[in-house]
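These are the residues of each chain, in order.
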Amino acid sequence: MFLLVLCVISKQWYQRRVRGDTRKGSQPIEVSAISASHSDPLYKVIFLTSKTGTECFTTSTDGQVLWWDIRKMSEPTETLILDITKKEKPTLGGISLEYESTMPTKFMVGTEQGTILSCNRKAKSPADRIVASFSGHYGPVYALQRNPFFPKNFLTVGDWTARIWSEDLRDSSIMWTKFHNSYLTDGCWSPVRPAVFFTSRMDGCLDVWDYMFKQNDPTLSLQVCDEALNCLRIQEGGSLMACGSHSGNITLLELSESLSQQQRNEKASVTQIFERETKREKILESRYRELKLKERARSQQEEKSPEDDEENPEELVEEAEKNFWFTVEQEKAGIEKKEREAEK
């Protein structure tokens, strides 16, 4: 069994990847070089679906995503700079990662600034790797996960809220929780129920959200401990959940059958909910853009300079002369017409 250990080296927070083999004792068998590693704390590592099973990628608040092959960790195999300005300078710090094995070239990054980046590893150029960005959180995005049944929809946890997004909408999430009094620290979907997800809080509470039951409040709130809950992990079968606290304690919870078994017609109902909310947000987004354009046009009209409103005196004289001679010609033509009629 191989273990990948993320180590903080020295007071300068250099990050190194350490690979260990439990069959060969407690010492690492492979260590990445400091010069080729992250220069800030490393927050997330995910193994990729590959032929060798030895590839992984990492992110850090230094603004980089690095790909590694644990058979040779002297340097990363690929590097991505988290820069939405396309100037190849880090502008966003990575906090969380999302990778779905059914979409092997796509991945997502949750940043320290509250932005979520949708990326394509096989883009034609490095500048095109960041495909889209989603903004909505006021702080670091600590959790990021696609819905196991609807990969187009994904969950994010940051600041005081959890949000559900659709890849079709970039300006706003389609659903979100209320603002809690305590900061949220982690979250995940149920692997067996598409309408259920979980969030943890700084006050030690675990919230269970079931959108088949209600959407404005948690279905269940459980005080797990008296200190911050920092992370959640749920069993693949969906019946057991582990909660990690700030002091390192792990609490194992068993979920009831109503939370660990899919309900009748649940998938179809969740499809309708996501489609309805996506459509609603698109309508609101379109209306907002329309109002924004009208406001911009009104502002431009109001900000028009007085010089533009004042007419040139010379142009006024010239136009007055034209109008005068036009009137004279009309009157002259009328007189001539009357004289011709009188002669007849």
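The structure contained in this document is the topic of the report that follows.

What counts, and at which threshold
Residues numbered from 1 in each chain as written. Predicted model: local features only at pLDDT ≥ 70, side-chain atom pairs only at ≥ 80, totals over all residues. Heavy atoms only, no water. Salt bridge = Lys/Arg side-chain N within 4 Å of Asp/Glu carboxyl O. Helix = DSSP H or I, 4+ residues; strand = E, 2+ residues; numbered from the N terminus. Buried < 20%, exposed > 50% of the residue type's maximum accessible area, 1.4 Å probe, protein only. Pairing = 2+ DSSP bridges. Axes fitted to C-alpha atoms, helices over the stretch in contact; angles between N-to-C directions.

1. Observations concerning the pattern of salt bridges
Applying the stated rule across the entire model yields 21 salt bridges. For Asp217, the salt bridge identified is with Lys178, shortest N-O distance 3.2 Å. Highlighted residues: Asp217 in the loop between β18 (205-210) and β19 (220-223) and Lys178 in the loop between β15 (175-176) and β16 (184-189), separated in sequence by 39 residues. For Arg193, the salt bridge is made with Glu266, and the minimal N-O distance between the two is 3.0 Å. Taken together, the residues Arg193 in the loop between β16 and β17 (196-201) and Glu266 in helix α2 (residues 266-302) connect sequence positions 73 residues apart. When its relative accessible area of 2% is taken as the criterion, Arg193 is described as buried. A relative accessible area of 1% places Glu266 in the buried class. Within this structure, Glu55, Glu78, Arg121 and Arg129 form a network of salt bridges that share partners.

2. Describing the sheet that holds β17
The antiparallel open sheet is built from 4 strands, whose spatial order is β16-β17-β18-β19. Since the sheet does not close on itself, it has two edges, and those belong to β16 and β19, each with one partner. With direction set aside, neighbouring strand axes in the sheet form an average angle of 15°. Here β17 pairs with β18 via 5 bridges, running antiparallel. For Phe198, the partnering residue across the bridge sits in β18 and is Val208.

3. Section: the pairing of β17
Burial runs high along β17: 6 of the 6 residues are buried. Residues of β17 alternate between two faces, with Val196, Phe198 and Ser200 on one and Phe197, Thr199 and Arg201 on the opposite face, all of them buried. Pairing of β16 with β17, which is carried by 5 bridges, proceeds in the antiparallel orientation. Residue pairing across strands places Leu184 opposite Arg201, the latter belonging to β17. Taking the residues that link successive antiparallel strands as the turn, the β16-β17 hairpin has 6 residues. Between β17 and β18, which follow one another and run antiparallel, lie 3 residues, and Gly204 among them has a positive phi close to 90°.

By themselves these figures say nothing about function.
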